[in-house]
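Each chain is listed here by its residues.
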Amino acid sequence: MTEQEPLPVGVLGARGRMGVEVCRAVNDADDLELVAMVDAGEGLFSVTDAGARVVVDFTSPETVMDNIHWCVEQGVSVVVGTSGFTPERLHRVEHWLKHKPDVGVIVAPNFAIGAVLMMEFAAKAAPYFPSVEIVELHHPGKIDAPSGTALHTAEMIGASRAAAGVGPSPDATKTALDGARGAEVAGVRVHSVRSAGLVAHQEVLLGTGGETLTIRHDSLDRVSFMPGVLLAVREVLKRPGLTVGLGPLLGL
Ligand SMILES: NC(=O)C1=CN([C@@H]2O[C@H](COP(=O)(O)OP(=O)(O)OC[C@H]3O[C@@H](n4cnc5c(N)ncnc54)[C@H](OP(=O)(O)O)[C@@H]3O)[C@@H](O)[C@H]2O)C=CC1
Ligand SMILES: O=C(O)C1=N[C@H](C(=O)O)C[C@H](O)C1
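- Looking at an unreviewed UniProt entry, the protein chain carries the name 4-hydroxy-tetrahydrodipicolinate reductase, with the source organism given as Longispora fulva.
- As its UniProt record puts it under Function (unreviewed entry), the protein chain is described as follows: "Catalyzes the conversion of 4-hydroxy-tetrahydrodipicolinate (HTPA) to tetrahydrodipicolinate."
- UniProt lists a comment for the protein chain under the heading Subunit (unreviewed entry), and it reads "Homotetramer."

Quick look at the structure:
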């Protein structure tokens, strides 16, 4: 029996907080080989020169679309953790993939298994509670607000409430300072907290007569994202086209 060659993987944003962790996880996996590490200002060509078949992107919302476009054009599949995705951006990625039927792109707002479950549980619970708000809490180095996870959670909750015919959350506010009630996403109020000491955390608060339900997830260390990233790297070549979120990979 011949042993299978390890899958060649490139990492974009390799010197960032997440990139460093991803490079370590890929290096530690026997079935994967880290062949390219690219950071800001370095050419993407090293990815194809090194023969990467899958690229992992943890860069920034400003650069991620150009990176995906380039990889798709080169026939390289991409696992995307970078935030900043809107429905319009996802449509654009789908459009690029139409011309490349063998290429897969997985865009996951959050790779932590607990966070994926937190989003699912919140969407399931949301139709049963008239009130729902999201509080996301992150380290102060984060450049975007609300977080990609919070945006995706709000979209999931909005869709599940719309399907169940649930109206807007009750709110008598008549006067408010700018931002006091957070940002409204898919009809859900989202509040962003930034503090030293935090990594990535989110609470979904649901309320009805006489009771509240709080669904909370905490990433206390970036290692929490690695099993999900490696799962996506191993799966992306089997899933041509666009996959959004880890849910489908986990059978959710
Ligand atoms: N989906 C998930 O589970 C998770 C997603 N994220 C997301 O991942 C992204 C990165 O987060 P984080 O690692 O904390 O951020 P960092 O700022 O620590 O890292 C980003 C890295 O990418 C580099 N970079 C910028 N532009 C390019 C480019 N065009 N090509 C290659 N490298 C580039 C940056 O370089 P420089 O600093 O010089 O600009 C930096 O080293 C964010 O959008 C964050 O929200 C984070 C954690 C989990
Ligand atoms: O910037 C981060 O750190 C994180 N970004 C992602 C997001 O925007 O949701 C995922 C996680 O929250 C960590």
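**Some words on the overall build of the protein chain**
Next up, step 1: On a plain count of helices and strands, the protein chain comes out with seven helices and eleven strands.
Next up, step 2: Taking 2.2 N^0.38 as the reference for a compact globule, 252 residues should give roughly 18 Å; the C-alpha atoms of the protein chain span a radius of gyration of 19 Å, in line with that estimate.
Next up, step 3: In terms of principal-axis extent, the alpha carbons of the protein chain reach across some 65 × 35 × 35 Å.
Next up, step 4: Per-residue burial over the protein chain gives 48% buried out of 252 residues.
Next up, step 5: Pairs at least 24 apart in sequence give 73% of the contacts found in the protein chain among residues at least 6 apart.
Next up, step 6: For the protein chain, the computed accessible surface area is about 12500 Å², with 54% contributed by carbon and sulfur atoms.
Next up, step 7: Looking at the protein chain, you have 20 positive and 30 negative side-chain charges, and the mean spots of the two groups are 5 Å apart.

**Some details on the pattern of salt bridges**
Should the charged atoms of two oppositely charged side chains come close, the side chains can pair.
Next up, step 1: Under the defined criterion, the tally for this structure stands at 13 salt bridges.
Next up, step 2: With a closest N to O distance of 2.8 Å, arginine 216 and glutamate 203 form a salt bridge. Of this pair, arginine 216 sits in strand β10 (residues 211-219) while glutamate 203 sits in strand β9 (residues 200-208), and the two are 13 residues apart along the sequence.
Next up, step 3: Given a relative accessible area of 40%, arginine 216 falls into the partly exposed group.
Next up, step 4: Note that arginine 216 is salt-bridged to aspartate 218, the shortest N-O span being 2.7 Å.
Next up, step 5: A residue is classified by how much of its surface remains accessible, and aspartate 218, at 31% relative accessible area, is partly exposed.
Next up, step 6: Residues joined by salt bridges that share partners form a network here, namely Glu133, Asp171 and Arg181.

**Quick look at the site of ligand 2**
Next up, step 1: The full set of residues close to ligand 2 is Ser83, Pro109, Asn110, His138, His139, Lys142, Ser147, Gly148, Thr149, Ala200 and Phe225.
Next up, step 2: In this structure, an oxygen atom belonging to ligand 2 sits 2.6 Å away from a side-chain N or O atom of histidine 138.
Next up, step 3: Contact distances for ligand 2 include 2.9 Å between an oxygen atom and a side-chain N or O atom of histidine 139.
Next up, step 4: Relative to its unbound accessible surface of 320 Å², ligand 2 loses 84% to contact with the protein.
Next up, step 5: Split by residue class, the shell around ligand 2 holds three nonpolar, seven polar and one charged.

**Brief notes about the site of ligand 1**
Next up, step 1: As a matter of local geometry, ligand 1 sits amid 20 residues, with Arg17, Met18, Ser83, Phe111 and Lys142 nearest to it.
Next up, step 2: A distance of 2.7 Å separates an oxygen atom of ligand 1 from a polar atom in the side chain of serine 83.
Next up, step 3: In isolation ligand 1 offers 920 Å² of accessible surface; the protein chains occlude 75% of this area.
Next up, step 4: By residue class, the composition of the shell around ligand 1 is eight nonpolar, eight polar and four charged.

**Considerations on the packing of aromatic side chains**
Next up, step 1: Scanning the model with the defined rule gives two aromatic pairs in all.
Next up, step 2: Judged by centre distance (5.6 Å) and plane angle (90°), the ring pair of phenylalanine 45 and tryptophan 70 falls under edge-to-face. Separated by 25 residues along the polypeptide, phenylalanine 45 in helix α2 (residues 45-49) and tryptophan 70 in helix α3 (residues 64-73) bring together distant segments of the chain.
Next up, step 3: Overall, the relative accessible area of 54% leaves phenylalanine 45 in the exposed class.

**What about the packing of helix α5 (residues 113-125) against helix α6 (residues 148-163)?**
Next up, step 1: Where α5 contacts α6, the two axes come as close as 8 Å, and the packing angle between them is 30°. By the angle between their directions, the pair α5 and α6 is classed as roughly parallel. Here the hand of the crossing between α5 and α6 comes out right-handed. Touching Met118, Met119, Glu120, Ala122 and Ala123 of α5 are Thr149, His152, Thr153, Met156, Ile157 and Ser160, all from α6.
Next up, step 2: Of the residues contributing to the contact of α5 with α6, the split by class is six nonpolar, four polar and one charged.

Quick notes on the rules
Residues numbered from 1 in each chain as written. Chains lettered and ligands numbered in written order. Predicted model: local features only at pLDDT ≥ 70, side-chain atom pairs only at ≥ 80, totals over all residues. Heavy atoms only, no water. UniProt positions renumbered as here; feature names shortened; annotations may be inferred. Helix = DSSP H or I, 4+ residues; strand = E, 2+ residues; numbered from the N terminus. Rg over C-alpha atoms; globule rule 2.2 N^0.38 Å. Buried < 20%, exposed > 50% of the residue type's maximum accessible area, 1.4 Å probe, protein only. Contact = heavy atoms within 4.5 Å. Areas by Shrake-Rupley, 256 points an atom, 1.4 Å probe, with all protein chains shown as cover. Lys, Arg positive; Asp, Glu negative; His and termini not counted. Charge placed at Lys NZ, Arg CZ, Asp CG, Glu CD. Salt bridge = Lys/Arg side-chain N within 4 Å of Asp/Glu carboxyl O. Near = heavy atom within 4 Å. Polar contact = N/O pair within 3.5 Å; in protein donor to acceptor, adjacent residues only side chain to side chain. Nonpolar A, V, L, I, M, F, W, Y, C, P; charged D, E, K, R; others polar. Phe/Tyr/Trp six-rings, centres within 6.5 Å; stacked < 30°, edge-to-face > 60°. Axes fitted to C-alpha atoms, helices over the stretch in contact; angles between N-to-C directions. Parallel < 35°, antiparallel > 145°, perpendicular 65-115°, else oblique. Left-handed = near helix turned anticlockwise from the far one by under 90°.

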